[in-house]
Protein chains: 2
Amino acid sequence: MHGENLREFILKANKAITSGDVNLKDLPGSCGRLDLVCRCVSSAFFLSHDLRRDTVFYSVHYGNPNPPVALKFVGSELKRVSPDERSIAIFIKKALEKEHLSVWKESTSGIYHAKKEFRDIILERKKEGKQIFYLHKNGVPIEDLINPSNCKKDIVFVLGDHIGIGEEDEKFLDEIGAERVSISPLELHANQCIVIVHNILDKIKCTYFSNSVS
Amino acid sequence: MHGENLREFILKANKAITSGDVNLKDLPGSCGRLDLVCRCVSSAFFLSHDLRRDTVFYSVHYGNPNPPVALKFVGSELKRVSPDERSIAIFIKKALEKEHLSVWKESTSGIYHAKKEFRDIILERKKEGKQIFYLHKNGVPIEDLINPSNCKKDIVFVLGDHIGIGEEDEKFLDEIGAERVSISPLELHANQCIVIVHNILDKIKCTYFSNSVS
Ligand SMILES: C[S@@+](CC[C@H](N)C(=O)[O-])C[C@H]1O[C@@H](n2cnc3c(N)ncnc32)[C@H](O)[C@@H]1O
Ligand SMILES: C[S@@+](CC[C@H](N)C(=O)[O-])C[C@H]1O[C@@H](n2cnc3c(N)ncnc32)[C@H](O)[C@@H]1O
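Let me begin by describing the structure that accompanies this report. (Residues numbered from 1 in each chain as written. Chains lettered and ligands numbered in written order. Predicted model: local features only at pLDDT ≥ 70, side-chain atom pairs only at ≥ 80, totals over all residues. Heavy atoms only, no water.)

**As for the overall build of chain A**
Per the secondary structure count, chain A includes six helices and 10 strands. What you see for chain A is a C-alpha radius of gyration of 17 Å, in line with the 17 Å of a compact globule of 214 residues. C-alpha atoms of chain A, sized along the principal axes, occupy 55 × 40 × 30 Å. By the burial criterion, 60% of the 214 residues in chain A qualify as buried. Within chain A, contacts between residues at least 6 apart in sequence are counted, and of these 70% link residues at least 24 apart. Of the roughly 8,900 Å² that chain A leaves accessible, carbon and sulfur atoms contribute 48%. With 30 positive and 30 negative side-chain charges, chain A shows a spacing of 4 Å between the two charge centroids. (Helix = DSSP H or I, 4+ residues; strand = E, 2+ residues; numbered from the N terminus. Rg over C-alpha atoms; globule rule 2.2 N^0.38 Å. Buried < 20%, exposed > 50% of the residue type's maximum accessible area, 1.4 Å probe, protein only. Contact = heavy atoms within 4.5 Å. Areas by Shrake-Rupley, 256 points an atom, 1.4 Å probe, with all protein chains shown as cover. Lys, Arg positive; Asp, Glu negative; His and termini not counted. Charge placed at Lys NZ, Arg CZ, Asp CG, Glu CD.)

**Focus: the sheet that holds strand β10 (residues 179-182) of chain A**
Residue and element names in this part refer to chain A. If you trace the eight strands from one edge of the open sheet to the other, you get β6-β7-β5-β4-β1-β9-β8-β10, paired in mixed fashion. Edge positions in the sheet fall to β6 (105-108) and β10, since each has one partner strand and no second. Averaged over all neighbouring strand pairs, the angle between strand axes comes to 30 degrees, with direction disregarded. Note that strand β8 (residues 131-141) and β10 share five bridges and pair parallel. Each residue of the ladder has a partner; that of V140, found in β10, is V181. Relative to the sheet, helix α1 (residues 34-45) contacts β1 (7-13), β4 (55-61) and β5 (69-74), its axis offset from that of β4 by approximately 170 degrees. (Pairing = 2+ DSSP bridges. Axes fitted to C-alpha atoms, helices over the stretch in contact; angles between N-to-C directions.)

**Quick notes on the pairing of strand β4 (residues 55-61) of chain B**
Residues and elements named next belong to chain B. Burial runs high along β4: seven of the seven residues are buried. Residues T55, F57, S59 and H61 line one face of β4 and the alternating positions V56, Y58 and V60 line the opposite face, and both faces are buried. Here strand β1 (residues 7-13) runs beside β4; their pairing, made up of seven bridges, is parallel. Opposite I10, over in β4, you have Y58 as the bridge partner. With six bridges joining them, β4 and strand β5 (residues 69-74) adopt antiparallel strand pairing. Each bridged residue has a counterpart across the sheet, and for S59 the counterpart in β5 is L71.

**What to know about the site of ligand 2**
Residues in contact with ligand 2 amount to 19 residues; listed here are only the nearest, L135, G160, S184, L186 and L188 of chain B. Near ligand 2, residues from chains A and B are present, making the site a shared one. The contact in question runs from a nitrogen atom of ligand 2 to an N or O atom on the backbone of I183 of chain B, over 3.1 Å. Take S184 of chain B: an N or O atom from its main chain is 2.9 Å from a nitrogen atom of ligand 2. In isolation ligand 2 has 570 Å² of accessible area, and contact with the protein removes 86% of it. Broken down by secondary-structure element, the contributors of at least two residues to the shell around ligand 2 are β8 (131-141), β9 (155-160) and β10 (179-182) of chain B. At three residues, the largest contribution of residues to the shell around ligand 2 is made by β8 of chain B. Its residues assigned to classes, the shell around ligand 2 comprises eight nonpolar, eight polar and three charged. (Near = heavy atom within 4 Å. Polar contact = N/O pair within 3.5 Å; in protein donor to acceptor, adjacent residues only side chain to side chain. Nonpolar A, V, L, I, M, F, W, Y, C, P; charged D, E, K, R; others polar.)

Next comes the structure, spelled out in structure tokens:
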């Protein structure tokens, strides 16, 4: 998958814990739905016996005790991670235990942490000239927006946790021109959205490569 | 979702544990990829703040010490289950601890267990007149097989774990006329396949209901 365009996902995790006090027996409760963050990592990267090296996943935590803390997972650099929630949570715990600076620092292979806001991470991508999509049930159907030609560029998807991203951040996304894109008539979990977005892009790319006319 | 057609998934879990000795700290290893079974349950049933009541999921375990043990999860009856792997594993542990008979017995609300073979569960569905699809990367693209009219019937999808279902069971599925259906150009995890199948059926049904011509 070298030299291909990137797929980036940015999750707002409103309640996710911001210290290393991760109780592996209670990811949903005392860790603020850290289980969901773990499933998003699993959905973002894992293929059968392979990893999606063309994907980057950000999770921005706004839970106690020290928000925000941002985590970045880089598919091309990940090592020794398994797709189950508990093993991903152990890597997240290690990253959360560190001291967070305004710049990214590596915790374990391919997993970075920083004191960064959700909006700043989105703006950084925007400044790099990337197209930002906001995943929203009532958006434009993804099939109407993404096609083999715009799919050749890097592409960024923003999404919320069980609470959503909130009105203020929705307004912010409108202001920076992020398009709302829908992937289902039903309201799904964030990790399921990531699986579906990957699948739609995989199928478009496949069509694109097999019919060499663009 | 009452009165709708059922969506059924049958997973062959080649190594999944067949006793209640479930180590919640080691679902992938000593429990024979029970993490994957848990993620399949999560993908089969959970919507944002809702459950898919039109879905039934079967997991047939062939791991030690006492294979086979079949589990059945009935969406319309499930209660108190959360989407995280650990909490699903706790319910599975309870079901695996019971004595398994040749008929289904309920363990907790909506979760049943029995001493049944993978093939017998498939044959039972077949005898009920249901259409059986075998999920396979090299099958016919799902969009070419499933459409608003055959989607009005109950529909059964068979799938494998990290090992697949094996040659013998593939031959069996061919013999009973199960069609091979593909959902991606890539080899995915079983739980990801379930998310994608649901999404494709959700979108078809949506189109079907919104254009009332069939
Ligand atoms: C569990 S949902 C959020 C539910 C929350 N109560 C709300 O109303 O925003 C998690 C996230 O998944 C994304 N999402 C859920 N369903 C979607 C759909 N059908 N299409 C596109 N994105 C969706 C959205 O980004 C949403 O914030
Ligand atoms: C991890 S895969 C199995 C890999 C195994 N090594 C094999 O070759 O069968 C798990 C299951 O997901 C289903 N599956 C995976 N990718 C698929 C695809 N692209 N289309 C349809 N089903 C797929 C198949 O049922 C498969 O047995």
